[in-house]
Amino acid sequence: VIIYGDLPKNKENVIYLSNHQCTVDWIIADMLAIRQNALGHVRYVLKDGLKWLPLYGWYFSQHGGVYVKRSANFNEKEMREKLRAQMKAETPMYLVIFPEGTRYNPEIPKVIADSQSFAEKEGLAILKHVLTPRVKATHVAIDTMKDYLDAVYDVTVAYEGTVDHKGQRKLAPSMTEFLCKECPRVHIFIDRIELKDIPEEQMYMRRWLHERFEIKDKLLIEFYDAKDSKRRNKFPGKSVHSKLSLKKTLPSLLFLGGLTASMLLTESGRKLYVKTWIYGTLIGCLWVSIKP
């Protein structure tokens, strides 16, 4: 894990804005949070369909996650109420938002072309390595929690090994590929932004957010397309090769691994494991359909 910019060492209530390219992006937020001793503070703004994920859909909802629908179906009131409930409960917030709304996938050029066409139509800069960001969820989150937050983290993520032999960007690693070390390094650029530097009106915040994504795009152009090959596969500026100590990772591995193994090694444990997935999924889906 190669970190650029400034990652605060202390716990903070923040909104985390990042580019989005694969499922590993969810874990990147955890990677940064654990370095601030704030791993349990991570919450997500998720697209509505993910609430039906077996077990996880219910878990994210109960852990302070916010499910939102896209475009015209976006329910601003519902999101504000969920965030206010979290603030009232004094819930620590490391709220992760992917403003692009969907993944940047080089293998689906139509999505990229539509995003660029929309930017051109709206008089916004056309972006190459990220999609045109949507402002609604970001605006609602910042506006609702402005007196609760310490800062906004603007995070840009790039994965090594995601350029083909022709120099063209290819699909970011899947979770399996990442865990099997097919992506040797992940580069993370962090910019901590004070709330006072962010415009409050949605119209102006939209322009500000797009400008932040222009900065991301320039960083990614440098990473993927720099004419000088020595400048590729890294962001400009100083970096830190960030490692975690075993005391931050080994206890949870032993606990989870031991618990899972003890269940799978006995017949009664395997039955319980399967029933947990089946009935947990059914009850979870029923729960989020009533109380998302």
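What counts and what doesn't
- In this numbering scheme, every chain counts its residues from 1 along its sequence in written order.
- Residues qualify for local features only when their pLDDT is at least 70, as the model is predicted, and side-chain atom pairs are given and counted only at 80 or more; totals for whole chains, interfaces and linings, by contrast, use all residues.
- Computation of side-chain values: all heavy atoms of the structure, hydrogens and water removed.
- Like-charged residues within 9 Å of one another, or nonpolar side chains (Val, Leu, Ile, Met, Phe, Trp, Tyr) within 5 Å, are grouped into patches, provided each residue has over 30% relative accessible area and no salt bridge.
- The accessible surface values rely on the Shrake-Rupley method and a 1.4 Å probe; as for residues, cover is taken only from the protein chains in view.
- We define a salt bridge as a side-chain nitrogen of Lys or Arg found within 4 Å of a carboxyl oxygen belonging to Asp or Glu.
- Neither His nor the chain termini are counted; the positive set is Lys and Arg, and the negative set is Asp and Glu.
- By convention, the point assigned to a charge is CZ for Arg, NZ for Lys, CD for Glu and CG for Asp.
- Each helix is a run of DSSP H or I of at least 4 residues and each strand a run of E of at least 2, with the numbering of both proceeding from the N terminus.
- UniProt positions are given in the numbering used here, feature names are shortened, and annotations may be inferred rather than shown by experiment.
- The criterion for an aromatic pair is that two Phe, Tyr or Trp rings (for Trp, the six-membered ring) have centres within 6.5 Å, with stacked assigned to planes under 30 degrees apart, edge-to-face to planes over 60 apart and tilted to the rest.
- Note on exposure labels: buried denotes an accessible area under 20% of the residue type's maximum, exposed denotes more than 50%, and partly exposed covers the range between, all computed with a 1.4 Å probe on protein chains only.
- A ring is scored as having a charge over it whenever the NZ atom of a lysine or the CZ atom of an arginine sits within 6 Å of its centre and within 35 degrees of its normal.
- All the domain ranges listed were derived from an automatic or database domain assignment.
- The buried area of a pairing is the accessible area, by a 1.4 Å probe, that goes missing from both parts when the two are put together, added over both.
- Here a polar contact means two N or O atoms within 3.5 Å. Within protein one must be a hydrogen donor candidate and the other an acceptor candidate, and residues neighboring in sequence count only if both atoms are side-chain atoms.
- Polar here means any residue outside two lists: the nonpolar Ala, Val, Leu, Ile, Met, Phe, Trp, Tyr, Cys and Pro, and the charged Asp, Glu, Lys and Arg; Gly therefore counts as polar.
- Strand pairing is assigned whenever DSSP detects at least two bridges linking the two strands.
- Among buried residues, the Ala, Val, Leu, Ile, Met, Phe, Trp, Tyr and Cys ones that are joined through side-chain atoms within 4.5 Å form a nonpolar core.
- We call two residues in contact whenever any of their non-hydrogen atoms come within 4.5 Å of each other.

A. Structural context of a positive patch on the surface. A cluster of basic residues, Lys 47, Arg 70, Arg 103 and Arg 134, forms a positive patch at the surface. Mapped onto the elements of the fold, Lys 47 is located in strand E3 (residues 42-47).

B. The UniProt feature "domain: Phospholipid/glycerol acyltransferase" (unreviewed entry) in the protein, seen in detail. The UniProt record annotates "domain: Phospholipid/glycerol acyltransferase" (unreviewed entry) at residues 14-139. Along residues 14-139 one finds 38% helix and 14% strand; the C-alpha atoms at either end are 14 Å apart.

C. Structural view of the packing of aromatic side chains. For the coordinates displayed, the defined rule picks out 13 aromatic pairs. Taking the centre distance of 5.3 Å and the plane angle of 75° together, the rings of Tyr 4 and Phe 235 count as edge-to-face. Pair noted here: Tyr 4 is in strand E1 (residues 2-5) and Phe 235 is in the loop between helix H7 (202-225) and strand E8 (239-241), with a separation of 231 residues, a long-range link. According to the relative accessible area criterion, Tyr 4 is buried, its value standing at 2%. Relative accessible area serves as the criterion here: at 2%, Phe 235 is assigned to the buried category. Taken together, the ring pairs in this structure connect Tyr 4, Phe 189, Phe 223, Tyr 224 and Phe 235 into an aromatic cluster. Across from the ring centre of Phe 213, 5.3 Å away, lies the NZ or CZ of Lys 216, which sits over that ring.

D. View of the domain arrangement of the protein. Domain annotation of the protein identifies domain 1 (2-243) and domain 2 (245-291). Placing the centre of domain 1 and that of domain 2 at their C-alpha centroids yields a distance of 28 Å. Across the domain 1/domain 2 interface, buried area totals approximately 1000 Å², and carbon plus sulfur atoms make up 69% of it. Summed over the three residues of domain 1 that lose the most area to domain 2, namely Trp 52, Leu 55 and Trp 58, the buried surface amounts to 47% of that side. Seen at the junction of domain 1 and domain 2, the total is 0 salt bridges. For the pair domain 1 and domain 2, the number of links is 2 residue pairs in polar contact (both at pLDDT 80 or more). Per-element accounting of the side of domain 1 that touches domain 2 gives the leading share, 5 residues, to helix H2 (residues 56-62). Of the residues contributing to the side of domain 1 that touches domain 2, the split by class is 6 nonpolar, 4 polar and 3 charged.

E. Representation of the pairing of strand E2 (residues 14-18). Counting buried residues along E2, 5 of its 5 residues qualify, which places the element largely inside the surrounding structure. Going residue by residue along E2, you find Val 14, Tyr 16 and Ser 18 tucked away on one face and Ile 15 and Leu 17 tucked away on the opposite face as well. Judged from the 4 bridges that link them, E2 and strand E5 (residues 94-97) form a sheet pairing that is parallel. Along E5, the bridge assignment pairs Tyr 16 with Val 96. With 5 bridges joining them, E2 and strand E6 (residues 151-159) adopt parallel strand pairing. Following the sheet pairing, Ser 18 is matched in E6 by Val 155.

F. Highlighting the nonpolar core. Formed by 38 residues in total, the largest nonpolar core has its most connected members in Ile 15, Val 45, Met 79, Leu 83, Leu 95 and Met 145. Sorting the residues of this core by element identifies E1, E2, strand E4 (66-68), helix H3 (76-88), E5, helix H5 (136-145), E6 and H7 as the ones contributing at least two each. Looking at this core element by element, the count peaks at 8 residues for H7. Beyond its immediate sequence surroundings of up to four residues, Leu 83 is in contact with Val 66, Met 93, Leu 95, Val 140, Ala 141, Thr 144 and Met 145.

G. Seen up close, the pairing of strand E7 (residues 186-193). One ladder, built from 4 bridges, connects E1 with E7; its direction is parallel. Note on E7: the bridge partner recorded for Tyr 4 is Phe 189. Here E6 pairs with E7 via 8 bridges, running antiparallel. By the bridge assignment, Tyr 159 is partnered in E7 with Val 186.

H. Representation of the environment of Phe 74 in the model. By secondary structure assignment, the location of Phe 74 is in the loop between E4 and H3. Each C-alpha atom, one on Phe 74 and one on Ala 226, is 38 Å from the other, the two residues being 152 residues apart in sequence. Contacts of Phe 74, omitting those with residues within four sequence positions, involve Val 68, Lys 69, Met 79, Lys 136, Ala 137 and Val 140.

I. Broad picture of a nonpolar patch on the surface. Residues Leu 53, Tyr 56, Trp 58, Tyr 59, Val 274, Trp 277, Ile 278, Tyr 279, Leu 282, Ile 283 and Trp 287 make up a contiguous nonpolar surface patch of roughly 1100 Å² in combined accessible area. Listed by contribution, the elements that provide at least two residues to the nonpolar patch are H2 and helix H9 (267-290). Its location among the elements puts Tyr 279 in helix H9.

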